[in-house]
Amino acid sequence: MNNTNALSYMLSQLTLLSGTGLFIIGGLVGFLFAYFQWKTIAQLSQVKNMKSYLFFTSLIRFLIFFLVLLWVAYPEKNIVKILIFFIGFMIARIISIKKVKKMLKEQKYV
């Protein structure tokens, strides 16, 4: 099977509803990832061992992201589904980062 046929097959397995759902799930995971990253940074002043706290909270965030990504990709290993999920994730992260930067400039903290 050549690349064009494989891509056509992957796209044929995707419906508008499932693609939209994957995008929304990616966005939700992205917003949650950014929210808990922000909360981790906000709590650093209250933690005794910052290095291990940062390591374990980062590890938990990445494990959750990876597990959801595996859940999205598991049955068919469809790269199109993975890309749709990842695009939703990255858009949510970019929006979150811009929102936090704006809040910091206005000195409004969560």
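Everything numeric here is computed off the predicted structure, so don't read it as measured data. (Residues numbered from 1 in each chain as written. Predicted model: local features only at pLDDT ≥ 70, side-chain atom pairs only at ≥ 80, totals over all residues. Heavy atoms only, no water.)

## A short note on the overall build of the protein chain
Within the protein chain one finds four helices and zero strands. Walking the protein chain from its N terminus toward its C terminus, one meets helices and strands in the order α-α-α-α. Across the 110 residues in the protein chain, those meeting the buried criterion constitute 28%. Long-range pairs, those at least 24 residues apart, make up 71% of the contacts in the protein chain between residues at least 6 apart in sequence. (Helix = DSSP H or I, 4+ residues; strand = E, 2+ residues; numbered from the N terminus. Buried < 20%, exposed > 50% of the residue type's maximum accessible area, 1.4 Å probe, protein only. Contact = heavy atoms within 4.5 Å.)

## Focus: the side chain of R93
Along the polypeptide, R93 turns up in helix α4 (residues 79–105). Given a relative accessible area of 15%, R93 falls into the buried group.

## Some points on the packing of aromatic side chains
The description of two aromatic rings rests on the distance between their centres and on the angle between their planes. Taken as a whole and judged by the stated rule, the model has eight aromatic pairs. Their ring planes at 40° and their centres at 4.5 Å tell us that F65 and F89 sit as a pair that is tilted. Here F89 lies in helix α4 and F65 lies in helix α3 (residues 50–73), a separation of 24 residues in the sequence. Taken as a pair, F65 and F89 share a single burial class, namely buried. One cation-aromatic arrangement involves R61 over F33; the distance from NZ or CZ to the ring centre is 5.4 Å. (Phe/Tyr/Trp six-rings, centres within 6.5 Å; stacked < 30°, edge-to-face > 60°. Lys NZ or Arg CZ within 6 Å of the ring centre and 35° of its normal.)

By themselves, these observations are geometric and do not establish any function.
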